[in-house]
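Summary of the model geometry
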Amino acid sequence: MPPKTIIEPFRIKVVEPIRMTTRDERLALLKDAGYNTFHLRSRDVILDLLTDSGTSAMSAEQWAGIMRGDEAYAGSPSYYRFEDAVKEVFGFEQVIPTHQGRAAERILFETMCSEGDIVPSNTHFDTTRANVEAVGARAVDLLVPEGRRHQEVHPFKGNLDTGRLRELIREEGAERIPLVMLTLTNNSGGGQPVSMANIRQVSEICREHGIPLYMDACRFAENAYMIRLREEGYAERPVAEIAREIFSHAQGCTMSAKKDGLANIGGFVATNDPELARRQRNVLILTEGFPTYGGLAGRDLEAIAIGLREVLEEDYLEYRLASVRYLGEAIAEAGVPIVQPPGGHAVYIDAAAFLPHVPPLELPGQTVVAELYLEGGIRCVEVGTVMFGRRDPETGEEHPAPMELVRLALPRRVYTQSHVDFMVEAIVAFGERKDSVGGYRFTYQEPVLRHFTARFEPLYEVAG
Ligand SMILES: *Cc1c(COP(=O)(O)O)cnc(C)c1O
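Calculation rules
Residues numbered from 1 in each chain as written. Predicted model: local features only at pLDDT ≥ 70, side-chain atom pairs only at ≥ 80, totals over all residues. Heavy atoms only, no water. Pairing = 2+ DSSP bridges. Helix = DSSP H or I, 4+ residues; strand = E, 2+ residues; numbered from the N terminus. Axes fitted to C-alpha atoms, helices over the stretch in contact; angles between N-to-C directions. Phe/Tyr/Trp six-rings, centres within 6.5 Å; stacked < 30°, edge-to-face > 60°. Buried < 20%, exposed > 50% of the residue type's maximum accessible area, 1.4 Å probe, protein only. Lys NZ or Arg CZ within 6 Å of the ring centre and 35° of its normal. Core = buried A, V, L, I, M, F, W, Y, C linked by side-chain atoms within 4.5 Å. Contact = heavy atoms within 4.5 Å. Near = heavy atom within 4 Å. Polar contact = N/O pair within 3.5 Å; in protein donor to acceptor, adjacent residues only side chain to side chain. Areas by Shrake-Rupley, 256 points an atom, 1.4 Å probe, with all protein chains shown as cover. Nonpolar A, V, L, I, M, F, W, Y, C, P; charged D, E, K, R; others polar. Salt bridge = Lys/Arg side-chain N within 4 Å of Asp/Glu carboxyl O. Parallel < 35°, antiparallel > 145°, perpendicular 65-115°, else oblique. Left-handed = near helix turned anticlockwise from the far one by under 90°.

**Structural notes on the sheet that holds strand β11 (residues 381-383)**
- Overall, antiparallel pairing links the 3 strands, which are arranged β9-β14-β11 in an open sheet. Whereas interior strands pair on both sides, the edge strands pair on one side only; in this sheet they are β9 (346-350) and β11. Each adjacent strand pair in this sheet contributes to an overall mean axis angle of 30°, direction not counted.
- Summarising the sheet, β9 and strand β14 (residues 405-409) pair through 5 bridges and their orientation is antiparallel. In the sheet register, Ala 346 faces β14, and the bridge partner there is Ala 409.

Printed below as a string of structure tokens:
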């Protein structure tokens, strides 16, 4: 029998040393950081699971592309290689580079939406929602109900509820909906995928009403691979072909190349509508740069062009999803409640279920984040009351978020199997003494996006 272990389909050519720290050192660092891991320096982190955005390891080919990058202001060959890659992978005619995903979003909504419009989505990512709202439109999330039930296993928990989309169109009128969006995969909802059947249905509804469909394509390759694994009729289809089929149902997309572009910066907006693209290029010139670089260096365009093709390699995707699944299944088996099934880019611990003795207003997710740093130097992020709760500005009263999650996001091609085993051991070790911990309270917070800058104080004796 051939070996069955799914290995990292790459060798290591350059290494970045990890600085090991002791628990006592970490306790002192964490105290200095006000128990907020956003205030830590990354050199004090052993395994950094804060985000999968812009943290990918580039390949030898991408680094070669960096050297080839041509920095001409206009008409650089690097731009044309980038444009060719986007056309080949996504199939859209008009390609507009931006410095990252949110710049693509801003250009899309500024040129498509007016005040009072409505933009439905399965779930808007926070920068997407903010950019819809910035032009005076309303961002509406229409996720299927199983997408909100953490423990329930369902293959496509990122699907959009088509019944509610029809209802919304009937109630509000198609003329108030300039576009519908689908986020692939659903980052704010546990990294869960959207099925091809759902994409097809949403696009049919859109076509019936003359509404264009756009994709938030950040993790399109992970979504395409999950369609291949989970949806009938796709098991034998090449992932690149599945990706093309996904985008054949849309009129365009926005993309952050910091995710499935396997690059450290960049993004784009793409469309099949030349008149819209003309207006978008005018906005681009005003804020990002000339249309053949759009806020990026020529070398970045090269890295993205190569990354967009590498991300569709099936050995890579098999390894990628296997390592996320391995982490999720190993901690779930040890009794740690997670959002099921594990997502494409991250595992989400359900902190409310994990620490039932810590009430939401004592920030159970923050406890998990602080304790995993102490336990193994692991940095992750709370997605609960710290991030989405609200403090009443008049009364000072705190309101909890609807969920208390902790996201463990895996950077692409960065960590090996033994790193993942280390994560599992640290999480399980914390799980064994979780009854001895308590919650946290804010000692400092800003009125907006408080999770980045907040400081905390433990409500229990933190063990050194
Ligand atoms: C990261 C992300 C964005 C924004 O991209 P940036 O490059 O961070 O600006 C938009 N949508 C989703 C789903 C994302 O994950």
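Alright, that's what it looks like, and here's the rest.
**Side note on the packing of aromatic side chains**
- By the definition in use, this model includes 17 aromatic pairs.
- When the centroid spacing of 5.5 Å and the interplanar angle of 55° are considered together, the rings of Tyr 35 and Tyr 440 count as tilted. Here the residue Tyr 35 occupies a position in the loop between α1 (23-32) and β1 (47-48), and Tyr 440 occupies one in strand β15 (residues 440-444), the gap between them amounting to 405 residues. Comparing Tyr 35 with Tyr 440 shows no difference in burial state: the two are buried.
- Through a chain of ring-to-ring contacts, the aromatic side chains of Tyr 79, Tyr 80, Phe 82, Phe 90, Phe 92, Phe 220, Phe 247 and Phe 268 assemble into a single cluster.
- The ring centre of Phe 125 lies 5.6 Å from the NZ or CZ of Lys 259, which sits over that ring.

**Topic: the nonpolar core**
- Phe 90, Met 215 and Phe 220 are the most contacted members of the largest nonpolar core, which has 59 residues in total.
- The greatest single-element share of this core, amounting to 6 residues, is contributed by helix α8 (residues 220-230).
- Apart from residues no more than four positions distant in its own chain, Met 215 is found in contact with Met 181, Leu 182, Leu 184, Ile 199, Ile 246, Phe 247, Ala 250, Gly 252, Cys 253 and Thr 254.

**Side note on the pairing of β14**
- Most of β14 sits out of view: 5 of its 5 residues are buried.
- The two faces of β14 match: Leu 405, Arg 407 and Ala 409 on one face and Val 406 and Leu 408 on the other face are all buried.
- Inspection of the sheet shows β11 paired to β14 by 3 bridges, in the antiparallel sense. Within β14, the position partnered with Glu 382 by the bridge is Val 406.

**Considering the site of the ligand**
- Around the ligand, 15 residues are found, and the nearest of them are Arg 102, Asp 216, Arg 219, Ser 256 and Lys 259.
- Between the ligand and Ser 256 there is a distance of 2.7 Å, counted from an oxygen atom to a side-chain nitrogen or oxygen.
- Considering the ligand on its own, with 380 Å² of exposed area, one finds that the protein chains cover 97% of that surface.
- With 3 residues, helix α4 (residues 101-112) is the single largest residue contributor to the shell around the ligand.
- Broken down by class, the residue content of the shell around the ligand amounts to 2 nonpolar, 7 polar and 6 charged.

**Examining the pattern of salt bridges**
- Counted under the stated rule, the structure contains 32 salt bridges.
- Where Glu 172 meets Arg 138, a salt bridge forms, and the shortest distance between an N and an O atom there is 3.6 Å. Note that Glu 172 is positioned in helix α6 (residues 162-172) and Arg 138 in strand β4 (residues 138-141), a separation of 34 residues in sequence.
- Taking the relative accessible area as the measure of exposure, Glu 172 reaches 23% and is therefore partly exposed.

**Description of the packing of helix α14 (residues 364-376) against helix α16 (residues 417-432)**
- Look at α14 against α16: their axes get within 9 Å of each other, and the N-to-C directions meet at 120°. Overall, the two elements α14 and α16 adopt an arrangement that is oblique. Where α14 crosses over α16, the handedness of that crossing is right-handed. Here Val 368, Glu 371, Leu 372, Glu 375 and Gly 376 of α14 come into contact with α16, specifically with Phe 422, Ala 426, Ile 427, Ala 429 and Phe 430.

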